[in-house]
Amino acid sequence: MVGLTDWDFGLYSSIILFGLVVWSVPVIMSASAGDYFGPAAAASALAALTFAFSGGQALGPVAAGYLAEITGDFSISYMISGIAAFVALGLALLLRPQKQA
């Protein structure tokens, strides 16, 4: 939303949406690890998910800063972030539902 416009509405609505969903990610990932990998492998799967997530948390600001130095602003970084979010949404929709026991 911020990448598409410089209007304050885009910024504030993005902040509000982020605040509503930010703390749901760890809970959903923990539950998904247990559902998809079973109780025995859930801890290992969650560790791998956390490691991948922390890698993105570490490399994301570096990449955004590099793009900002090249282009002069963060608009491209915001657009890439939004595109990545939609790709992740599409990939999540491809997950197979769990079979009922």
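Our subject is the structure listed above.
Residues numbered from 1 in each chain as written. Predicted model: local features only at pLDDT ≥ 70, side-chain atom pairs only at ≥ 80, totals over all residues. Heavy atoms only, no water.

Undergrad: Any details on the overall build of the protein? Residues and values, ideally.
TA: Counting its regular elements, the protein contains three helices and zero strands. Reading the helices (α) and strands (β) of the protein from amino to carboxyl end gives α-α-α. Here the C-alpha atoms of the protein give a radius of gyration of 17 Å, more than 25% beyond the 13 Å that 2.2 N^0.38 yields for 101 residues. If one aligns the C-alpha atoms of the protein with their principal axes, the spans along those axes are about 50 × 25 × 20 Å. Within the protein, buried positions represent 9% of all 101 residues. Sequence separation of at least 24 residues holds for 27% of the intrachain contacts in the protein that already meet a minimum separation of 6. Just so you have it, the protein exposes about 8300 Å², and 74% of that area is on carbon and sulfur atoms. (Helix = DSSP H or I, 4+ residues; strand = E, 2+ residues; numbered from the N terminus. Rg over C-alpha atoms; globule rule 2.2 N^0.38 Å. Buried < 20%, exposed > 50% of the residue type's maximum accessible area, 1.4 Å probe, protein only. Contact = heavy atoms within 4.5 Å. Areas by Shrake-Rupley, 256 points an atom, 1.4 Å probe, with all protein chains shown as cover.)

Undergrad: Account for the packing of helix 2 (residues 24-71) against helix 3 (residues 75-93), with residues named and values stated.
TA: The description of two packed helices rests on the angle between their axes and on the distance between the axes. Following both chains from N to C, one finds helix 2 and helix 3 inclined at 140°, their axes separated by 8 Å at the closest point. As the angle between them shows, helix 2 and helix 3 are arranged oblique. Only I76, S77 and I80 of helix 3 make contact with helix 2, whose side of the interface consists of A64, L67 and T71. Looking at the contact of helix 2 with helix 3, its residues break down into four nonpolar, two polar and no charged. (Axes fitted to C-alpha atoms, helices over the stretch in contact; angles between N-to-C directions. Parallel < 35°, antiparallel > 145°, perpendicular 65-115°, else oblique. Nonpolar A, V, L, I, M, F, W, Y, C, P; charged D, E, K, R; others polar.)

Undergrad: So what's going on with the side chain of S77? Which residues, and what values?
TA: Turning to its location among the elements, S77 is positioned in helix 3. In this structure the side chain of S77 is engaged in a polar contact, spanning 3.4 Å, whose partner is the backbone oxygen of A64. (Polar contact = N/O pair within 3.5 Å; in protein donor to acceptor, adjacent residues only side chain to side chain.)

Undergrad: Please provide a residue-by-residue account of a nonpolar patch on the surface, values included.
TA: Taken together, the side chains of L4, M79, I83, V87, L91 and L94 define a hydrophobic patch exposed on the protein surface, amounting to about 640 Å² of accessible area. Tracing the backbone shows V87 in helix 3. (Patch = residues over 30% accessible without salt bridge, like charges linked within 9 Å, V, L, I, M, F, W, Y side chains within 5 Å. Salt bridge = Lys/Arg side-chain N within 4 Å of Asp/Glu carboxyl O.)

Undergrad: Please give an account of helix 2 that cites residues and values.
TA: The terminal C-alpha atoms of helix 2 lie 33 Å apart, and with 48 residues this falls more than 12% below the ideal 70 Å at 1.5 Å per residue. Of all the bends in helix 2, the largest measures some 125° and sits at G38, one to four residues before the proline P39. Within helix 2, the full set of buried residues consists of A33, G38, A42, A45, A64 and A68. Once helix 2 finishes, G72 follows within two positions and takes phi at roughly 95°, a positive value. (Expected span 1.5 Å × (residues − 1). Bend = angle between axes of the 7 residues up to and from the residue.)

Undergrad: Requested: an account of the packing of aromatic side chains, with residues and values cited.
TA: For the structure on display, the rule yields one aromatic pair. Geometrically, the ring pair formed by F74 and Y78 is tilted, given 6.5 Å between the ring centres and 45° between the ring planes. Note on Y78: relative accessible area 44%, which makes it partly exposed. (Phe/Tyr/Trp six-rings, centres within 6.5 Å; stacked < 30°, edge-to-face > 60°.)

Geometric descriptors of this kind do not, in isolation, establish any biological role.
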